[in-house]
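Spelled out, the chains give:
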Amino acid sequence: MERTRKKGQLLSRMATNDRHGENSPYFDGWKAYDENPFHPSQNPDGVIQMGLAENQLCFDLIKKWILENPDASICTAEGVDKLKNIAIYQDYHGLKEFREAVAKFMERVGGNRVTFDPNRIVMGGGATGANETVMFCLADPGDAFLVPAPYYPAFARDLRWRTGLEIVPVDCKSSNNFRITRAALEEAYEKAQSSNINVKGVILANPSNPLGTVLDRETMRSLVSFVNEKGIHLVCDEIYAATVFSSPRFISIAEIIQDMDCNRDLIHIVYSLSKDMGFPGFRVGIVYSFNDVVVNCARKMSSFGLVSSQTQYLLASMLSDEEFVGNFLRESSKRLARRHSVFTKGLEQVGISCLKSNAGLFFWMNMRPLLKEQTAQGELELWRAIISEVKLNVSPGSSFQCSEPGWFRVCFANMDDETVEVALERIRAFVLQGKEEDAPDQKSQRWHKKSLRLSFSSSRLYDESPMSPRMLSPHSPLVRART
Amino acid sequence: MAIENEQPAVGLSKVAVSETHGEDSPYFAGWKAYDENPYDESSNQSGVIQMGLAENQVSFDLLEKYLEEHSEASSWGIGAPGFRENALFQDYHGLKSFRQAMANFMEQIRGGRAKFDPDRIVLTAGATAANELLTFILADPGDALLVPTPYYPGLDRDLRWRTGVKIVPIHCDSSNNFQVTPEALEAAYECAESMNLKVRGVLITNPSNPLGATIQRSVLEEILEFVTRKNIHLVSDEIYSGSTFSSSEFISIAEILEAHDYKNSERVHIVYSLSKDLGLPGFRVGTIYSYNDKVVTTARRMSSFTLISSQTQHLLACMLSNKEFTENYIKTNRESLRKRYEMIIKGLKNAGIECLKGNAGLFCWMNLSPLLEESTREGELALWKVILNEVRLNISPGSSCHCSEPGWFRVCFANMSEQTLEVALERIHKLMEQRKSKET
C-alpha cells in the first residue's frame with residue numbers, strides 16, 4: 001500500500017505550494033539585473049538596480065566606529081576575553097546590554113517622546129522572522145490580517161506561508177495620497193466578515209514601504225480606535241523609522257497610545273536594524289509588544305531565530321555609544337534627504353511626479369501619463385520596457401498590490417553618487433523620448449511596439465536547481481530575506 | 001460585530017496558548033533552582049551545580065588561541081574593507097566560503113568517510129530552527145514523526161509546537177542498551193496508524209542525546225530499510241558527531257548512503273550545528289544537509305526566517321577553513337571529552353552507580369533505578385527532587401526525555417571545570433553513602 005503513494009506527496013503542502021512568493025513576474029526585473037549588472041566603469045550599459053531597498057549611505061561612519069572600537073568584537077585580541085561568555089550565551093531573553101541598547105536606540109528614533117522597556121524587547125530572525133512570529137502568536141491558520149495596500153511584497157510570504165493566515169488588502173487611493181481611511185478599513189473588515197473570514201488584526205509598515213510616507217497622528221488614532229472597537233490587534237512594522245529625512249516627524253504607535261484610552265494588549269511593534277542602520281546581514285529583528293502574554297510567547301518562539309550573540313555584543317556596544325548614534329542618525333537623514341531631492345527634482349524637470357514623501361529608501365513614482373492603457377497589463381508593458389530599454393530595475397506597483405496601475409517604487413539609497421547620475425539621466429531620456437509622440441519618428445513609439453517578451457535562457461529560471469546558487473545576484477529577492 | 005472593551009484577555013492564537021513549548025516540564029524546573037542558587041567555586045560553594053546543560057566548555061582555550069592569532073577573522077580585515085559587504089549580505093544561500101568550510105568540517109569529523117557538497121548545505125539559526133524547518137517541509141499539521149525514546153526534550157517544541165505535527169515514540173529500553181529495533185519501529189508505525197496519524201518520517205539523533213552513545217551500523221541499516229519500505233523520510237540529527245570520544249566509532253547516515261551508492265537517498269536529511277562540537281551555541285549556527293533537491297530549495301527559501309548573522313558566517317568561514325586549526329581542534333576536543341567522561345564514570349562507579357556504556361556526547365546516562373522507592377515516574381521525580389534540593393545537582397530525569405523505564409538520569413559533564421566536577425562527584429558519593437548507611 002505504501003508504494004503507491006505518489007512522489008509528489010513526499011513533501012508537505014507547505015513545501016509544494018506557491019506561498020514562498022518567488023514565482024511572480026516581479027522577479028523578471030531581478031533576473032535582468034543578475035544577467036547584466038551595471039558597473040560605472042566595467043559595464044556602463046548594464047541594468048541599474050533600483051528595486052533594492054537597502055541603505056548604503058553611511059557605511060563610512062560605521063567603519064570608522066568599528067576601527068576605533070576593536071573590543072566590541074569578541075574575536076579580536078582586545079575583545080577575546082569575552083569570547084567564552086558570549087559564545088555560550090543562548091538565552092532567548094537576549095543579552096541585557098543588547099536589549100537596553102536597542103530600547104534606547106528605538107527611543108531616540110522615536111524622537112525621545114516614548115520610553116521602551118528592555119524587558120519587552122524580543123528577538124526575531126530579522127523583521128522577516130519577527131513579523132512571522134507575531135502572526136503565529138496572534139492568529140490561527142485560516143484567520144486573516146488586514147493590510148493597507150500598496151504593501152511590501154514579501155508580506156505575502158512572511159505573514160502567510162508557514163502560518164496559514166490570509167491577507168485582506170485595505171484599498172488606498174492616490175486621490176488622497178494613499179491615506180488609510182476609516183471607511184476603507186471598515187469596508188475591508190466587513191467584506192472579510194461576510195465571507196466568513198475571521199479578521200484578527202491590522203498590520204502595516206510605518207513609515208510605509210513602498211510609499212515612503214509617515215502616518216499622521218489622526219490616522220494613527222483612527223487605527224487604534226478601529227482595532228479597539230473590533231477587539232483585534234494592531235501590528236506596526238516600524239523598520240523604516242530612522243529613515244525619515246524631513247518633516248513631518250516619525251511618530252511611533254507607542255507614542256500614540258500614551259494619550260489614548262486603549263487596550264494595550266492589542267498593540268505590537270516590529271522593528272529591525274536592516275534599514276535604519278543598513279545591517280540586513282546581521283538579522284536583527286525585534287518584536288516589541290505591550291501584551292505580556294505575547295512577549296512571553298514570542299520570546300519562546302525566538303528560539304527559532306535568535307540574533308547571534310556575537311552580533312548582539314557588537315551592537316550593544318555600538319548602539320550604546322550615544323555620541324555615535326546621534327551623529328549617525330543626523331548624517332543618515334541628511335544624506336537620504338539629499339538623494340531623495342536629487343531624484344525627485346530631476347524627475348520633476350521632465351514632468352514626472354512622485355508621491356510627496358519624507359522617509360524610506362525609495363520614492364513612489366507616478367508613471368501613469370506614460371501608460372498605453374491604464375490597466376495592470378499596461379503597467380507591466382511599461383515596466384518591461386523600463387527594464388529592457390532603460391535598463392533600470394524598478395518595482396511595478398502591482399507587485400505591491402496597488403489597485404491603481406502606473407506607480408513604481410524606485411530605490412535610491414543602494415548606490416553611489418555616480419550611479420545616481422546615470423540612473424537619473426536614463427529615466428529623463430526615456431520620459432522625454434516618450435513625449436516626442438507627435439514626431440513621425442518611429443523611434444519614439446519604439447517601446448510600445450517592440451516585442452515585450454523578455455527572453456532569458458531557461459536554465460536561468462528561478463533557483464529550482466540547488467546546484468546553481470552563484471548564478472543569482474546576492475541581492476536578488478529570490479535569495480534575500482527581505483526586499 | 002463590535003466587541004466590548006470589558007472582555008477578558010484578547011484572543012491569541014491556539015499556538016500561543018498551548019503548552020507545547022514544553023517549558024512547564026520538570027526538565028526546566030531544575031533550571032529555576034539553579035538560577036536561584038548557582039554554584040560558584042569561590043563565592044557559592046553550596047549552590048546548585050548545573051549538570052542539566054549539554055554544553056561543551058572543555059575546548060575554549062583552542063578557540064581563544066585561534067582568535068588571538070587571527071584577529072582579522074572578525075574585524076573584516078585591516079581598515080574594515082569587507083564590513084559593508086558583510087553587513088549587507090543577506091543572501092539565503094549563505095556565504096559560499098562558509099558553506100565550503102562547513103562541508104569540509106563535516107567531512108573531517110567523519111574522517112573523510114563521507115563527502116558533503118557545499119551547495120546542499122542550507123543555513124539556519126541553530127539546529128532548533130533546522131529541525132522545525134524540516135518538519136514544516138516534510139509533514140503537514142496533524143501528521144506524525146517517529147522518534148526513538150529517550151530523546152532530547154527540546155524536540156517536543158521544535159518538531160511539534162508551531163508545526164502542528166505529532167511525535168509518536170519508538171520505545172527503546174535497557175534490555176538491549178536502548179537500541180532501536182525493527183520491532184519497535186513497526187510497533188510505533190502501527191501505533192500511529194491506529195490513531196489515524198499519517199507517518200511522514202523518522203527522526204534520530206546520532207550520537208544520541210541523552211544516551212551519549214552512537215548508533216550502530218546495523219541499526220542504521222535497519223532504520224534506512226524501514227523508511228524506504230514505508231516510503232517516508234529519515235532525519236538524522238548529527239549535532240554531536242564531533243563530540244565522540246574516539247575517531248572511529250561514529251557512523252554517519254551519510255556513510256551508509258555512500259555504501260548504497262546513494263540509492264533512495266532523496267528521503268534522507270542531516271541536521272548539524274556548531275553548538276555542541278565547537279561550543280558556540282550563542283552564535284546560532286545550524287545546517288540542513290539534504291539529498292533531496294526540492295527539500296534543499298524549499299529549505300533555503302524558508303531559511304529567510306532564520307538566517308545566520310553574516311558577521312558570524314564570516315568569522316567561522318575563516319576559522320573553519322583553517323585545516324590545521326580544525327584538525328587539531330577535532331582531535332583535542334575528542335581527547336578532552338573522553339578524559340572527562342572517564343573521570344565521571346570512575347567517580348560514579350566508586351559511588352556504586354552504573355551508567356550506560358557511552359562513547360560520545362557531553363553527558364552520560366546514569367542508572368539510579370536501584371534508588372527508587374517505587375519503579376514509577378513519580379518515584380523517579382521524587383528522587384530527582386531530592387537530588388535537586390538536597391544534593392543540589394541539577395540533572396535531567398529520564399521521564400523528561402520520555403524514557404519508558406523510570407530511574408535513568410542524564411548527567412552533563414562538559415559544561416564545568418574539573419574542580420566543579422570533583423565537587424559534584426563528592427556530593428553524589430556522599431548521597432550514596434547516606435543511602436547505604438540508612439539501609440544497614
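Reading the values: the criteria
Residues numbered from 1 in each chain as written. Chains lettered and ligands numbered in written order. Predicted model: local features only at pLDDT ≥ 70, side-chain atom pairs only at ≥ 80, totals over all residues. Heavy atoms only, no water. Helix = DSSP H or I, 4+ residues; strand = E, 2+ residues; numbered from the N terminus. Buried < 20%, exposed > 50% of the residue type's maximum accessible area, 1.4 Å probe, protein only. Areas by Shrake-Rupley, 256 points an atom, 1.4 Å probe, with all protein chains shown as cover. Pairing = 2+ DSSP bridges. Domains from an automatic or database assignment. Contact = heavy atoms within 4.5 Å. Buried area = accessible area lost by both parts, 1.4 Å probe. Salt bridge = Lys/Arg side-chain N within 4 Å of Asp/Glu carboxyl O. Polar contact = N/O pair within 3.5 Å; in protein donor to acceptor, adjacent residues only side chain to side chain. Nonpolar A, V, L, I, M, F, W, Y, C, P; charged D, E, K, R; others polar. 1 Å grid on protein atoms, 1.4 Å probe; cavity = no way out; pocket = protein on both sides within 12 Å on 5 of 7 lines; lining within 4 Å. Points joined across faces, edges and corners; volume = space filled by probe spheres on them. Axes fitted to C-alpha atoms, helices over the stretch in contact; angles between N-to-C directions.

**Brief notes about the overall build of chain A**
Scanning chain A for helices and strands turns up 16 helices and 13 strands. Within chain A, the fraction of its 483 residues that count as buried is 64%. Accessible surface, chain A: about 17900 Å² in total, of which carbon and sulfur atoms supply 48%.

**Quick look at the pairing of strand β13 (residues 408–412) of chain B**
Residue and element names in this part refer to chain B. Most of β13 is tucked away: 5 of the 5 residues are buried. Neither face of β13 is exposed, since W408, R410 and C412 on one face and F409 and V411 on the opposite face are all buried. As judged from the 5 bridges shared by strand β10 (residues 363–367) and β13, these two strands associate in the antiparallel manner. Bridging from a neighbouring strand, W365 pairs with R410 of β13. Here strand β12 (residues 396–397) pairs with β13 via 2 bridges, running antiparallel. When the sheet's bridge partners are listed, S396 is paired in β13 with R410.

**So, the domain arrangement of chain A**
Residues and elements named next belong to chain A. Looking at chain A, the domain boundaries give domain 1 (19–59 + 329–432) and domain 2 (70–325). Distance from the C-alpha centre of domain 1 to the C-alpha centre of domain 2: 26 Å. If you look at the interface, domain 1 gives 30 residues, while domain 2 gives 42 residues. Note on domain 1 versus domain 2: buried area summed over both sides is about 3100 Å², and carbon and sulfur give 58% of it. Where domain 1 meets domain 2, there are 1 salt bridge. E166 is the salt-bridge partner of R19, the closest N and O atoms lying 2.8 Å from each other. On inspection of domain 1 and its partner domain 2, the count reaches 17 residue pairs in polar contact (both at pLDDT 80 or more). Breaking the side of domain 1 that touches domain 2 down by element, the ones donating at least two residues are α13 (322–348), β10 (362–366) and β13 (407–411).

**Some thoughts on the interface of chain A and chain B**
Interface size is commonly expressed as the accessible area that is lost once the parts come together. Between chain A and chain B, the contact holds 92 residues from the first and 91 residues from the second. Taken over both partners, the interface formed by chain A and chain B buries close to 8400 Å², and the fraction arising from carbon and sulfur atoms is 57%. On inspection of chain A and its partner chain B, the count reaches 3 salt bridges. Ionic pairing is found between B:D140 and A:R13, a salt bridge with its closest N-O pair at 3.7 Å. One can count 23 residue pairs in polar contact (both at pLDDT 80 or more) joining chain A with chain B. Looking at the side of chain A that touches chain B, the elements that each hand over two or more residues are α1 (13–16), α3 (59–68), α4 (83–87), α6 (126–138), α7 (155–158), α9 (217–230), α11 (292–301) and α12 (309–319) of chain A. Element by element, the count of residues in the side of chain A that touches chain B is highest for α6(A), at 7 residues. In terms of residue class, the side of chain A that touches chain B is built from 43 nonpolar, 26 polar and 23 charged.

**A few points about the pairing of strand β8 (residues 286–290) of chain B**
All names here are of chain B. Counting buried residues along β8, 5 of its 5 residues qualify, which places the element largely inside the surrounding structure. The alternating pattern of β8 places G286, I288 and S290 and T287 and Y289 on opposite faces, both of which are buried. Note: strand β2 (residues 121–124) against β8, 4 bridges, orientation antiparallel. Paired with V122 across the two strands is I288, which belongs to β8. Across 5 bridges, the pairing between strand β7 (residues 268–273) and β8 is antiparallel. Looking at β8, one finds that H269 is bridged to S290.

**Structural notes on empty space enclosed by the protein**
According to the stated counting rule, one finds 9 cavities of 30 Å³ or more in the structure shown. Of the voids in this model, the largest cavity is the one considered here, and its volume is about 70 Å³. Along the walls of the largest cavity sit 13 residues, with A:T133, A:F304, A:G305, B:R162 and B:F305 positioned nearest its centre. Those elements giving two or more residues to the lining of the largest cavity turn out to be β2 (121–125) and α6 of chain A. Tallying contributions element by element places α6(A) first for the lining of the largest cavity, with 3 residues. The residue inventory of the lining of the largest cavity, partitioned by class, reads 3 nonpolar, 7 polar and 3 charged.

**Quick notes on the sheet that holds β2(B)**
Residues and elements named next belong to chain B. Across the sheet, which stays open at both edges, the 7 strands sit in the order β2-β8-β7-β6-β5-β3-β4 with mixed pairing between neighbours. The open sheet has two free edges, formed respectively by β2 and β4 (166–170), since each of these has just one partner strand. Across the sheet, the mean angle from the axis of one strand to that of its neighbour is 25 degrees, orientation sign disregarded. Of the pairings in the sheet, the one linking strand β5 (residues 199–205) to strand β6 (residues 233–237) comprises 5 bridges and is parallel in character. Looking at β6, one finds that G201 is bridged to H233.

**Quick notes on the environment of B:V219**
Residues and elements named next belong to chain B. With respect to the helices, strands and loops of the structure, V219 is situated in helix α9 (residues 217–230). According to the relative accessible area criterion, V219 is buried, its value standing at 6%. On a C-alpha basis, the gap between V219 and R300 in space is 31 Å, while along the polypeptide they are 81 residues apart. Aside from chain neighbours lying at most four places away, what touches V219 is Q179 and V180.

**Section: the environment of A:R299**
Residue and element names in this part refer to chain A. Inspection of the secondary structure puts R299 in helix α11. According to the relative accessible area criterion, R299 is buried, its value standing at 11%. Separated by 13 residues in the primary sequence, R299 and I286 place their C-alpha atoms 10 Å from one another.

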